[in-house]
Amino acid sequence: MFRKETLQQISILIAVTLIIGLMSAFVLPKNIKADEIETTPEVTTEQETTEPKPVDPDEYELVAHRGFSGNAPENSMPAFRRAVEAGFKHIELDIRRCKEKSDGTADWVISHDETLKRLCGVDKKVSDMYLDEIKKYPYKTGKNLSQYGTVKVVSLQEIISYMKSCKDQGIDVDWRIELKKLEEEEKTHIEEEVVEPLVEAGLEDNITFISFYYSNLYNAIRNHTNIKICYLAEILEDKYLDYAIALRDKWHANIETVIFRGTTNTTDETEMQAAMDEGFKLGVYAIDSRVMMGSYYSMGVRSFTTNAVAPSSMSVSLMKHQYSKSDFTYKLSKTSYTFTNTRKKPTFTITYEGEELLEGLCYETSYANNKYPGTGTATATFLRNISGEKDKTFTISMPKVKNFAVDKNYATSLRYKWTTNTDVTGYKVYQYNYKTKKYKCVKTIKNTTTTKDGVIKKFKFKKLSTATKYRFRVKTYLTYNKKTYKSSPCTGKTTYTKPATEPVIKMKRSKKKKTISVSFQRLKRVTGYNVKIATDKKFTKGVKVKSSRTKKGFVVIRKLNKKKTYYAKVRGYLKVGSKIYYGAYSKVVYKKGKKAKKKKDKE
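All of these numbers come straight from a predicted model, not from anything done at the bench.

## Some remarks on empty space enclosed by the protein
Link 1 in the chain: What the rule picks out here adds up to three cavities of 30 Å³ or more.
Link 2 in the chain: Elements with a minimum of two residues in the lining of the largest cavity: strand E4 (115-116) and helix H3 (117-120).
Link 3 in the chain: When the residues that make up the lining of the largest cavity are grouped by side-chain class, the tally is six nonpolar, three polar and three charged.

The structure is reproduced here in structure tokens:
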């Protein structure tokens, strides 16, 4: 017999132990993704752990993503029915909590998105609406939507009824229910509003809860540890694996599978092996390529969430099938580049049965001759379940001169301008010969060390004929490794030099008539002449302009004041179409008036 004091001590010890156990059981992590949690949960090694189940090395599973969403609108009743009809043994769906009622409870609906905008065209949050309000909005988009009439958001009770009818018919389906993000006060409702209705319907063995959120999974199984769960992670890393281990070892969760995103090459094989060493099955989402499934299968993945690959179209032999490079279609993201002194790296698009392969998983890309002008090569080196290499070529061309234009015309020279490019060695200027009808390089201009990219460069072509038609164009060039690369030419620009400047030969004044005749040396290749006459040297007063196309080389200006002194100057002009090229004015000459002469004689 124990002494009375001893019995009292034992009773106190048991009570304290129970209190500590209950307190620790309800200390939960925040309801956020594991990668947002600052510290990983402590794994209690002293507690009893669940031994991993033996796995058939060839066995795999296909999970219908949001129902058979490649065949019917996602997360809809048609999608779930099509998944069952297609023979899926695992069907995934997403659930969200509706607006809370006055009694503190809320309905749940099948919805991946936080709002109804994408599927129903209504920019309202699920959490801000009651179930009857959500039911007012039918789907506006979805795969083969027109085949299914009016499709509306499914409630949790509706999907539970369908799950139960499947079970009653002997259809064995594992329904994978993803618990989306919840507010802190909402997560405590998971058990009473989601888990218990499923258990009451006798579906405890037909459901698997999945989530990115550790606390969601905890709240789902804390009093139902026999219910299966899967841990979701966008990237399989140590911290995510620690959470999966904690759920299994600390909280005795029935967790077999860790699922990560399989459509981005972000998960390291070392991490995958670490998860398999812990006894977890690996899963990926959402894969619609049978080739990619085979790639992951060769790495040990055995669970594949898919939108479109039906169980009847996949098998172990296809998972293990070795493909050849000739089985695929290839396309480069870009096949022509302009030289910019950087390496060009076009990406591959490699497809099989319309599905694109993932770089890093199915193949690696390397490049050759991908910097300087010429032909570059992109090589896809295949991995895992694909053998061989595939080359695709692309071109790198020299950059053409930009913004080439005529800047200014002179009598015996022309000035052109263009935008500089510091990636090239310089520019080659070509002049068109109207007799031979060919271009000839007449000048090579090097970029200087002070040249800035994008600066307008101006270059003057000298020793040209007056009033003559010219056409120039420019190429960029690059000298590298004793080889010169040239661009294709820019569009040539045609213009004319101005007429020459010639002095007025003679200015004659009529004694009786109020006229002055201005004679001048005729110019070559001009259309005509402008003669300007005024009563001051600056040509601001009494200005008269006379145009002449006469071949005699003189003009007569009438109705002048015979008492005033007049000043005159002349210039030639060339008219081409609607454009006129004016030469510079000649030196100014003058003739004194009659009154001015008398005044001078008296003096």
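After that view, the rundown keeps rolling.
## A closer look at the sheet that holds strand E20 (residues 389-397)
Link 1 in the chain: The sheet built from four strands is open, its strands ordered E14-E20-E18-E17 with mixed pairing. Pairing within the sheet leaves two strands with one partner each, and these edge strands are strand E14 (336-338) and strand E17 (363-368). Strand-to-strand twist in this sheet, taken as the mean axis angle between neighbours without regard to direction, amounts to 30°.
Link 2 in the chain: With eight bridges joining them, strand E18 (residues 374-382) and E20 adopt antiparallel strand pairing. Bridge pairing in E20 places Gly374 opposite Ile396.

## Brief notes about helix H6 (residues 190-200)
Think of an α-helix as 3.6 residues a turn; residues three or four steps apart then line up on the same face.
Link 1 in the chain: Restricting attention to buried positions, one finds in H6 the residues Ile190, Glu191, Glu193, Val194, Val195, Pro197 and Leu198.
Link 2 in the chain: Lining the buried residues of H6 we find strand E2 (90-97), strand E3 (108-110), helix H5 (156-168), strand E6 (174-179), strand E7 (207-211) and helix H7 (214-221).
Link 3 in the chain: Of the residues one or two after H6, Gly202 is the one with positive phi, at around 75°.

## Quick look at unusual backbone geometry
Link 1 in the chain: Although it is not a glycine, Asn144 sits at a positive phi angle of roughly 55°.
Link 2 in the chain: With respect to the helices and strands, Asn144 occurs in the loop between helix H4 (131-134) and H5.
Link 3 in the chain: The backbone of Arg525 shows a phi angle near 55°, a positive value even though the residue is not glycine.
Link 4 in the chain: Following the sequence through the fold, Arg525 ends up in the loop between strand E30 (516-520) and strand E31 (528-534).
Link 5 in the chain: The class of Arg525 is partly exposed, set by a relative accessible area of 43%.

## Quick notes on the nonpolar core
Link 1 in the chain: Ranked by internal contacts, the top residues of the largest apolar core, which has 112 residues, are Ile159, Trp175, Phe209, Tyr296 and Phe328.
Link 2 in the chain: If you tally residues by element for this core, the top one is helix H8 (residues 238-249), at seven residues.

## Some points on the layout of surface pockets
Link 1 in the chain: The volume enclosed by the largest pocket comes to roughly 640 Å³.
Link 2 in the chain: Taken together, 33 residues make up the lining of the largest pocket; nearest its centre are Arg96, His112, Lys180, Lys181 and Tyr213.
Link 3 in the chain: Contributing elements (two or more residues each) for the lining of the largest pocket: E2, E6 and strand E9 (254-261).
Link 4 in the chain: The element best represented in the lining of the largest pocket is E2, accounting for four residues.
Link 5 in the chain: Residues of the lining of the largest pocket, tallied by class, amount to eleven nonpolar, five polar and 17 charged.

## Some remarks on the pattern of salt bridges
Link 1 in the chain: Per the stated rule, a full pass over the model turns up 28 salt bridges.
Link 2 in the chain: Arg66 is paired through a salt bridge with Glu74; the nearest N and O atoms lie 3.2 Å apart.
Link 3 in the chain: Given the relative accessible area of 13%, Arg66 is considered buried.
Link 4 in the chain: One salt bridge in this structure joins Asp407 and Lys417, with 3.8 Å as the shortest N-O distance. Here Asp407 is found in strand E21 (residues 402-409), whereas its partner Lys417 is found in strand E22 (residues 414-419), with ten residues between them in sequence.

## A look at the side chain of Thr495
Link 1 in the chain: Note that Thr495 resides in strand E28 (residues 493-496).
Link 2 in the chain: We classify Thr495 as buried; its relative accessible area is 2%.
Link 3 in the chain: At a separation of 2.8 Å, a polar atom in the side chain of Thr495 contacts the side chain of Asn409.
Link 4 in the chain: Setting aside its immediate chain neighbours within four residues, Thr495 contacts Val406, Asn409, Leu414, Tyr416, Thr468, Lys469, Tyr470 and Tyr581.

## Regarding the packing of H7 against H8
For any two helices packed against each other, the geometry comes down to the angle between their axes and how far apart the axes lie.
Link 1 in the chain: Close contact between H7 and H8 brings their axes to 11 Å; oriented N to C, the two are set at 15°. By the angle class used here, H7 and H8 are roughly parallel. Here the hand of the crossing between H7 and H8 comes out right-handed. Residues Tyr214, Leu217 and Tyr218 of H7 form the contact with H8, whose own contacting residues are Tyr243, Ala246 and Leu247.
Link 2 in the chain: Partitioning the contact of H7 with H8 into residue classes produces six nonpolar, no polar and no charged.

## Concerning the pairing of E17
Link 1 in the chain: Sheet analysis places E17 next to E18, joined by six bridges and oriented antiparallel. Bridge pairing in E18 places Thr365 opposite Ala380.
Link 2 in the chain: Counting the residues in the hairpin turn of E17 and E18 gives five residues, including Asn369, whose phi is positive at 50°.

## Brief notes about the sheet that holds strand E13 (residues 329-332)
Link 1 in the chain: If you walk across this open sheet you meet the three strands as E13-E15-E16, and the pairing is antiparallel. Two strands bound the open sheet, and with one partner strand each, they are E13 and strand E16 (355-356).
Link 2 in the chain: Note: E13 against strand E15 (residues 348-352), four bridges, orientation antiparallel. Its bridge partner being in E15, Lys331 is matched across the sheet by Thr349.

## Section: the packing of aromatic side chains
Link 1 in the chain: Inspection of every chain in the model, using the stated rule, returns 32 aromatic pairs.
Link 2 in the chain: Here Tyr323 and Phe328 contribute two aromatic rings whose centre-to-centre distance is 6.1 Å and whose plane-to-plane angle is 45°, an arrangement assigned as tilted. As far as the burial class goes, Tyr323 and Phe328 line up, both buried.
Link 3 in the chain: In textbook terms, an aromatic cluster arises when at least three aromatic residues are bridged by ring pairs, as seen for Phe404, Tyr416, Trp418, Tyr427, Phe459, Phe461, Tyr470 and Phe472.
Link 4 in the chain: Taking NZ or CZ as reference, Lys390 lies 5.2 Å from the ring centre of Tyr330, over its face.

Calculation rules
- Residues numbered from 1 in each chain as written.
- Predicted model: local features only at pLDDT ≥ 70, side-chain atom pairs only at ≥ 80, totals over all residues.
- Heavy atoms only, no water.
- 1 Å grid on protein atoms, 1.4 Å probe; cavity = no way out; pocket = protein on both sides within 12 Å on 5 of 7 lines; lining within 4 Å.
- Points joined across faces, edges and corners; volume = space filled by probe spheres on them.
- Helix = DSSP H or I, 4+ residues; strand = E, 2+ residues; numbered from the N terminus.
- Nonpolar A, V, L, I, M, F, W, Y, C, P; charged D, E, K, R; others polar.
- Pairing = 2+ DSSP bridges.
- Axes fitted to C-alpha atoms, helices over the stretch in contact; angles between N-to-C directions.
- Buried < 20%, exposed > 50% of the residue type's maximum accessible area, 1.4 Å probe, protein only.
- Contact = heavy atoms within 4.5 Å.
- Core = buried A, V, L, I, M, F, W, Y, C linked by side-chain atoms within 4.5 Å.
- Salt bridge = Lys/Arg side-chain N within 4 Å of Asp/Glu carboxyl O.
- Polar contact = N/O pair within 3.5 Å; in protein donor to acceptor, adjacent residues only side chain to side chain.
- Parallel < 35°, antiparallel > 145°, perpendicular 65-115°, else oblique.
- Left-handed = near helix turned anticlockwise from the far one by under 90°.
- Phe/Tyr/Trp six-rings, centres within 6.5 Å; stacked < 30°, edge-to-face > 60°.
- Lys NZ or Arg CZ within 6 Å of the ring centre and 35° of its normal.

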